[in-house]
Amino acid sequence: MSSATGTVEHERAWGHLEDGTPVGRWTLDDGTLRVSLLEHGARIQALEAPDRDGRRAGVVLGFADLAPYTGKGRSFGATVGRFANRIAGGRFRVDGTEVVVPATDRGNALHGGPHPFSERLWSAHPVDGRAGVRFSLLSPDGDNGFPGNLSVHVSYVLSGGTLVVEYFATTDAPTVLNLTNHAYFHLAGEGSGTVDAHLLQVDADAFLPVDEDGLPTGEVRAVEGTPFDLRRPVPVGYRVGGDRAGEDEQLRRGSGFDHCFVLADVPAGSRPPSRAARLEDELSGRVLEVWTDQPGVQVFTGGTLAGTLVGASGQPYGPRSGIALETQAFPDAPNRPGFPTTALRPGEEFHAVTELRFSTS
């Protein structure tokens, strides 16, 4: 299929689940970027972007077959939900009624519980007239404990070297929702070592400190005078490489950066998209700017990647093999009245957008 903005290809059985169900792959190409998307997890499986000489290379960590995505690699490139990041104790209240989500990480619910959106098979169809695909999923009432039948859609559209990711959702009962994409980026090329030399800039004046279990403490701390001051470009390794992560309590708790940076104090969709972060690989010249209308961006430098997963290039993924820039609401927001709300009610539509803008320097 082709359109004025690029091409869309559909491979109906890129892989199969254990029960034999086929998993399709969609590939979009606008002449600048080429991105492959899987129906399993509505995820980015591969993304190729040009360097300053026009040579394309894969810049997203991913796998050559389906098996890792159904196991320890379930979050790679995936749409994460119903609630991205952590909920303390897996418990919160909606209109006075307690909701319990099974704990999956140090006694807390992480990324929506034990069977999150990243493990689901989504339906998909092309976006009319554009190089894009729209994924859809019905999350039933009580799914991992969350109330309400939730209809959720994620669209990926290529346009002029930008991958636009949009989220839509409606519910028939009061609930909470926090959606993100969990792609890891390596602008020098997937499998080519660490991202220590990448220049990282995050357009945030504050971040959310975490406790020993990775939960926000409730404090909103200014980045001024801390290793979290990324308002000017800084090499990733200069802040978290070597033994540096152990020199700061917060970096130690996150094994590097695994923190939400504060972009705004309003819910997703309540403001126009603005730049959240900029990442640059000086050698190749590749630049990624992340723009979003979400209130936060979780910067994760992959300090807990243990080298047990082998990527598409045949290289194991160890600490800092990639960096995730996850635009999202604040973690544990349902238990923190001072954080922007993540509540979604009948008659409302959740809508959020993130733009991955690629260029060269």
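Above this note sits the structure.
This write-up is about the structure you can find in this document. (Residues numbered from 1 in each chain as written. Predicted model: local features only at pLDDT ≥ 70, side-chain atom pairs only at ≥ 80, totals over all residues. Heavy atoms only, no water.)

1. Concerning the overall build of the chain
In terms of helices and strands, the chain carries two helices and 29 strands. A compact globule built from 361 residues should have a C-alpha radius of gyration of about 21 Å, and the chain, at 19 Å, falls within 12% of that. Out of the 361 residues belonging to the chain, those deemed buried represent 57%. A sequence separation of at least 24 residues applies to 65% of the contacts in the chain between residues at least 6 apart. For the chain, the accessible area works out to roughly 13800 Å², and carbon and sulfur atoms hold 47% of it. Charge centroids of the chain, computed over 32 positive and 46 negative side chains, lie 1 Å from each other. (Helix = DSSP H or I, 4+ residues; strand = E, 2+ residues; numbered from the N terminus. Rg over C-alpha atoms; globule rule 2.2 N^0.38 Å. Buried < 20%, exposed > 50% of the residue type's maximum accessible area, 1.4 Å probe, protein only. Contact = heavy atoms within 4.5 Å. Areas by Shrake-Rupley, 256 points an atom, 1.4 Å probe, with all protein chains shown as cover. Lys, Arg positive; Asp, Glu negative; His and termini not counted. Charge placed at Lys NZ, Arg CZ, Asp CG, Glu CD.)

2. As for the nonpolar core
The tendency in soluble globular proteins is for nonpolar side chains to be buried as a group. Among the nonpolar cores identified, the biggest contains 63 residues, and Leu 47, Phe 261 and Phe 358 are the most heavily contacted of them. Ranked by the residues each element gives to this core, the list is headed by strand E14 (residues 150-159), at five residues. If sequence neighbours within four positions are ignored, Phe 261 has contacts with Val 202, Ala 204, Ala 206, Phe 207, Val 223, Phe 228, Leu 230, Pro 295, Gly 296, Val 297 and Val 299. Phe 83, Ala 206, Cys 260 and Ala 333 belong to the second largest nonpolar core, which has 16 residues in total. (Core = buried A, V, L, I, M, F, W, Y, C linked by side-chain atoms within 4.5 Å.)

3. Focus on the sheet that holds strand E22 (residues 234-235)
The strand order E12-E13-E14-E15-E29-E25-E24-E19-E22 describes an open sheet built from nine strands, whose pairing is antiparallel. Edge positions in the sheet fall to strand E12 (123-126) and E22, since each has one partner strand and no second. (Pairing = 2+ DSSP bridges.)

4. Section: the sheet that holds strand E27 (residues 323-328)
Reading across from one edge, E18-E27-E26-E23-E20-E21 is the order of the six strands in this open sheet, with antiparallel pairing throughout. Here the strands that pair on one side only, and so sit at the sheet edges, are strand E18 (184-185) and strand E21 (221-222).

5. Notes on the pattern of salt bridges
For the structure on display, the rule yields 25 salt bridges. The salt bridge involving Arg 275 is made with Glu 289; its shortest N-O contact spans 3.1 Å. Residue Arg 275 is located in strand E24 (residues 274-280), and its partner Glu 289 is located in strand E25 (residues 286-292); the two are separated by 14 residues in the primary sequence. Several salt bridges share partner residues, and in doing so they unite Glu 9, Asp 29, Arg 34 and Arg 56 into one network. (Salt bridge = Lys/Arg side-chain N within 4 Å of Asp/Glu carboxyl O.)

6. Quick look at the environment of Gly 318
Among the secondary structure elements, Gly 318 is positioned in the loop between strand E26 (296-300) and E27. For Gly 318, a relative accessible area of 14% corresponds to the buried category. C-alpha separation for the pair Gly 318 and Gly 191, spaced 127 residues apart in sequence, amounts to 9.8 Å. In contact with Gly 318, not counting residues within four places along its chain, are Gly 302, Leu 305 and Gly 307.

7. Overview of the packing of aromatic side chains
Summed over the entire model, instances satisfying the criterion amount to 15 aromatic pairs. Pairing Phe 92 with Phe 146 gives two aromatic rings, centres 6.0 Å apart and planes at 40 degrees, and the pair type is tilted. Taken together, the positions of Phe 92 in strand E9 (residues 91-94) and Phe 146 in the loop between strand E13 (131-139) and E14 put the pair 54 residues apart, joining distant regions of the chain. When sorted by exposure, Phe 92 lands in the same class as Phe 146, which is buried. Taking 5.9 Å as the distance between ring centres and 90 degrees as the angle between the ring planes, the aromatic pair formed by Phe 117 and Trp 122 counts as edge-to-face. Of the two residues examined, Phe 117 and Trp 122, each falls in the buried class. Here the aromatic cluster, defined as three or more aromatic residues joined through ring pairs, consists of Phe 63, Tyr 69, Phe 76, Tyr 184, Phe 300 and Tyr 317. We note Arg 134 situated over the ring of Phe 168; from NZ or CZ to the ring centre the distance is 5.1 Å. (Phe/Tyr/Trp six-rings, centres within 6.5 Å; stacked < 30°, edge-to-face > 60°. Lys NZ or Arg CZ within 6 Å of the ring centre and 35° of its normal.)

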